[in-house]
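Chain by chain, the residues:
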Amino acid sequence: MWVVAAVAGGMVVVLGLLTPSDAVDVLARVGPVLVFLVAVTVLAELAEAAQVFEVAAVRAARVARGRTPVLFALVVLLATATTVTLSLDTTAVLLTPVVLALAARLGLRPLPFALAAVWLANTASLALPVSNLTNLLAVRSLGLSTVDYARTMALPALAAVCVTVAVLVTWQRSALRGRYEVPPVLRPHDRWLFWTAATACVALAPMLLAGVAVQWAACAAAAPVVLVAAVRRLTLLRVSLLPWRLVVLVSGLFLVVEAAGPLVLDHWLGAAVAGRSPLVVAAVAAGSANVVNNLPAYLALERAVPGADLLAVLLGVNLGPLVLPWGSLATLLWAERCRAAGVRVPWPVFAVSGLVLVVVLLPVTVPLLP
C-alpha cells in the first residue's frame with residue numbers, strides 16, 4: 001500500500017497536477033503530523049520491547065482474579081487508554097498480539113478480545129488530537145487547542161466507547177462468561193527501561209493537555225526512553241523502529257488528495273453533503289472512509305464541507321471505517337497481527353458486525369456534538 005501511495009504521490013508532481021512548490025507546501029503543512037507519527041511510534045515500539053503492554057495485560061488478568069467479564073472490562077480500559085494516548089495504530093499493532101496471546105494463555109475465546117482491540121482502536125480515537133491523524137488535521141484546520149478539542153469531543157468520545165463495548169458484550173456475552181486460571185506475576189526483564197517507558201506513556205497525555213504541541217510532546221516523551229535504551233539495550237535502537245513506510249504512505253496520500261480535489265473529489269463530495277444534516281455528513285464521511293481509507297476521505301471532505309460540519313466529518317471518518325478492511329490503516333495492521341497469532345476473523349463477520357456498530361454509533365454520537 002505504501003508503494004502505491006509513493007508512486008501516486010510522485011506521479012501527481014511529474015504529471016503537473018501539483019507543482020513542485022505546491023508539493024513542498026503540502027509536505028511542510030503535514031510536517032508536524034509526521035514528526036509526531038515518528039516519535040510516538042518509536043515510543044510505542046520501545047514500550048513494547050520494555051514489556052509495558054505485556055505486564056499491563058498480565059496485571060489485568062491478576063486483578064480480575066479469574067473472572068472473565070472483569071478481565072474483559074480491564075482489557076477494554078487498557079485498549080481505550082492506549083488508543084487515546086498513543087494512537088489507534090499503537091493499539092492495533094502492539095496491544096492486539098498481547099491480548100490475543102493472553103486469551104490463548106488463559107484458554108479464552110479470542111474473538112471478543114480481537115474485536116475489542118480493533119473496534120476500540122477506531123472508536124476510542126476521537127478523544128484527543130494524538131489519538132488519530134485525522135484529529136491532528138482537524139485541530140489545525142479548526143484552530144482548536146488540545147484542551148478545546150478534548151472538551152468538544154468528550155461526550156461523543158465517551159458515548160462511542162460505551163456503545164462499542166455494549167454492542168460487543170451483547171454479541172459475545174456467551175464467550176465472556178466463566179473463569180480462568182490466574183497467571184503468575186510477570187516481572188519485566190529490565191526495570192529501568194520498563195519504568196522509563198511506562199512513565200513516558202503515562203506522561204504524554206498530560207503534556208498535551210498542558211498545551212505542548214503534539215510533535216514536541218511526543219518527542220519529549222520518546223527522548224528519555226531512547227536514552228535509557230541506548231544505555232541499557234543498545235540493540236533496540238535499530239532503523240526498523242522508524243515508521244518510514246507509514247511516513248511515505250501518509251505523504252503520498254496527502255499529495256494525491258491535494259491534486260485530486262480540484263479535479264473531481266471536491267465536486268462529488270460537495271454535492272453529496274451540500275445542505276445536509278450533520279448526521280448525513282457523518283454518514284457520507286463514514287462511507288467514504290470505507291471506500292478510500294479514512295485519511296484521504298477526511299482530506300477530501302475537509303475542503304468540501306463548511307467548517308461547522310467538520311466535526312461531523314471527523315466522527316464519520318473515525319467511527320465509520322469498521323466495515324471494509326482498508327477503511328483505516330489500523331484495521332489492516334490489526335488483521336496482520338491476528339493472522340500472525342493464528343486467529344482468524346472472517347471478513348464477512350467483521351463487515352456485518354462492523355456495519356451494525358456504525359449504524360448504531362452515528363445516530364448516538366452526532367447529536368452530542370456542540
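Scroll up for the structure.
Below is a summary of the structure that appears in this document. Numbering of residues starts from 1 in each chain and follows the order in which that chain's sequence is written. pLDDT decides what is reported in this predicted model: residues at 70 or higher carry local features, side-chain atom pairs at 80 or more are listed and counted, and totals for whole chains, interfaces and linings draw on all residues regardless. Calculated side-chain values reflect all of the structure's heavy atoms, with hydrogen atoms and water omitted.

Looking at the overall build of the chain
Move 1: Elements are defined by DSSP. Helices are runs of H or I of four residues or more, strands are runs of E of two residues or more, and each kind is numbered from the N terminus. In terms of helices and strands, the chain carries 16 helices and 0 strands.
Move 2: Two things to know: the radius of gyration comes from C-alpha atoms, and the globule rule equals 2.2 Å times the number of residues to the power 0.38. In summary, the chain has a C-alpha radius of gyration of 20 Å against a globular reference of 21 Å for 370 residues, a match within 12%.
Move 3: Projected onto the principal axes, the alpha-carbon positions of the chain cover approximately 60 × 50 × 35 Å.
Move 4: Partly exposed describes any residue whose relative accessible area lies between the buried limit of under 20% and the exposed limit of over 50%, with all areas from a 1.4 Å probe on protein chains only and scaled to the type maximum. Split into buried and exposed, the 370 residues of the chain put 55% on the buried side.

A few points about a positive patch on the surface
Move 1: A cluster of basic residues, Arg 59, Arg 62, Arg 187 and Arg 191, forms a positive patch at the surface.
Move 2: Note that Arg 187 resides in the loop between helix H8 (146-171) and helix H9 (191-209).
Move 3: Taking relative accessible area as the criterion, Arg 187 reaches 56% and is therefore assigned exposed. Patches were defined on residues exceeding 30% relative accessible area and lacking a salt bridge, with like-charge contacts within 9 Å and nonpolar side-chain contacts (Val, Leu, Ile, Met, Phe, Trp, Tyr) within 5 Å. For the accessible areas, the method is Shrake-Rupley and the probe is 1.4 Å, while residue cover comes only from the protein chains on display. The salt bridge criterion pairs a side-chain nitrogen of Lys or Arg with a carboxyl oxygen of Asp or Glu, the two atoms within 4 Å. In this tally, Asp and Glu contribute negative charge and Lys and Arg positive charge; neither His nor the terminal groups of the chain are included. Just so you know, the charge point we use is NZ for Lys, CZ for Arg, CG for Asp and CD for Glu.

Examining the layout of surface pockets
Move 1: A cavity here means a set of 1 Å grid points, computed over protein atoms only, where a 1.4 Å probe fits but cannot escape. A pocket is an open set with protein on both sides within 12 Å along at least 5 of 7 lines, and lining residues have an atom within 4 Å of a point. Grid points are joined across faces, edges and corners, and a volume is the space filled by probe spheres set on the points. Here the largest pocket is characterised by a volume of approximately 690 Å³.
Move 2: Forming the boundary of the largest pocket are 26 residues, of which Val 93, Pro 243, Arg 245, Leu 246 and Leu 333 lie nearest the centre.
Move 3: For the lining of the largest pocket, the elements supplying multiple residues, two or more each, are helix H2 (20-49), helix H5 (88-106), helix H11 (244-273) and helix H15 (329-340).
Move 4: The class makeup of the residues in the lining of the largest pocket is 16 nonpolar, 4 polar and 6 charged.
Move 5: Quantified by volume, the second largest pocket comes out at close to 480 Å³.
Move 6: The wall of the second largest pocket is formed by 20 residues, among which Val 52, Ala 56, Phe 194, Ala 198 and Val 202 lie closest to the centre.
Move 7: Residue assignment for the lining of the second largest pocket shows that the elements contributing at least two residues are helix H3 (52-63), helix H4 (68-86) and H9. Three categories are distinguished: nonpolar for Ala, Val, Leu, Ile, Met, Phe, Trp, Tyr, Cys and Pro, charged for Asp, Glu, Lys and Arg, and polar for the others, with Gly belonging to the last.

A few points about the nonpolar core
Move 1: Ranked by size, the top nonpolar core spans 141 residues in total, and within it Leu 71, Trp 119, Val 313 and Trp 334 carry the most contacts.
Move 2: A total of 14 residues in this core trace back to one element, the largest contributor, which is H2.
Move 3: Ignoring sequence-local partners within four residues, the contact set of Trp 334 consists of Ala 92, Thr 96, Ala 114, Ala 117, Val 118, Val 345, Trp 347 and Phe 350. As used here, the term nonpolar core means buried Ala, Val, Leu, Ile, Met, Phe, Trp, Tyr and Cys residues forming a set that is joined through side-chain atoms within 4.5 Å. In what follows, a contact means two residues having at least one pair of non-hydrogen atoms within 4.5 Å.

Describing the packing of aromatic side chains
Move 1: Centres within 6.5 Å are what make two rings of Phe, Tyr or Trp a pair, Trp counting through its six-membered ring; a difference in plane orientation under 30 degrees is then read as stacked, over 60 as edge-to-face, and the rest as tilted. Using the criterion set out here, one finds 5 aromatic pairs in the structure.
Move 2: Between Trp 119 and Trp 171, the aromatic rings sit 6.3 Å apart at their centres with planes inclined by 25°, giving stacked as the arrangement. One end of the pair, Trp 119, is in helix H6 (residues 111-123); the other, Trp 171, is in helix H8, with 52 residues separating them in the sequence.
Move 3: What links up through ring pairs into an aromatic cluster is the set Trp 334, Trp 347 and Phe 350.

Brief notes about the pattern of salt bridges
In a structure, side chains of opposite charge can pair up when their charged atoms sit close to one another.
Move 1: Evaluated as defined, the whole model comprises 2 salt bridges.
Move 2: Among the salt bridges present, the one from Asp 148 reaches Arg 151, with a minimum N-O distance of 3.1 Å. Highlighted residues: Asp 148 and Arg 151, both in helix H8, separated by 3 residues, approximately one helical turn.

Examining the side chain of Thr 41
Move 1: Checked against the element boundaries, Thr 41 lands in helix H2.
Move 2: Overall, the relative accessible area of 18% leaves Thr 41 in the buried class.
Move 3: Contact partners of Thr 41, with chain neighbours within four places excluded, come to Leu 241 and Pro 243.

Here's the deal with empty space enclosed by the protein
Move 1: Here the structure, examined in full by the defined rule, presents 3 cavities of 30 Å³ or more.
Move 2: Residue lining of the largest cavity: 15 residues in total, with Asp 89, Leu 133, Asn 294, Leu 295 and Leu 329 positioned closest to the centre.
Move 3: At the level of elements, H5, helix H7 (133-142), H11, helix H13 (294-304) and H15 are the ones that each hand at least two residues to the lining of the largest cavity.
Move 4: Among the elements that take part in the lining of the largest cavity, H11 stands out by supplying 4 residues, more than any other.
Move 5: Its residues assigned to classes, the lining of the largest cavity comprises 9 nonpolar, 5 polar and 1 charged.
Move 6: Here the second largest cavity defines a volume of roughly 50 Å³.
Move 7: Looking at the second largest cavity, the residues that line it are Phe 36, Leu 37, Val 40, Ser 87, Leu 88, Asp 89, Val 130, Ser 131, Asn 132 and Leu 133.
Move 8: Breaking the lining of the second largest cavity down by element, the ones donating at least two residues are H2 and H5.
Move 9: If you tally residues by element for the lining of the second largest cavity, the top one is H2, at 3 residues.
Move 10: Class assignment of the residues belonging to the lining of the second largest cavity gives a composition of 6 nonpolar, 3 polar and 1 charged.

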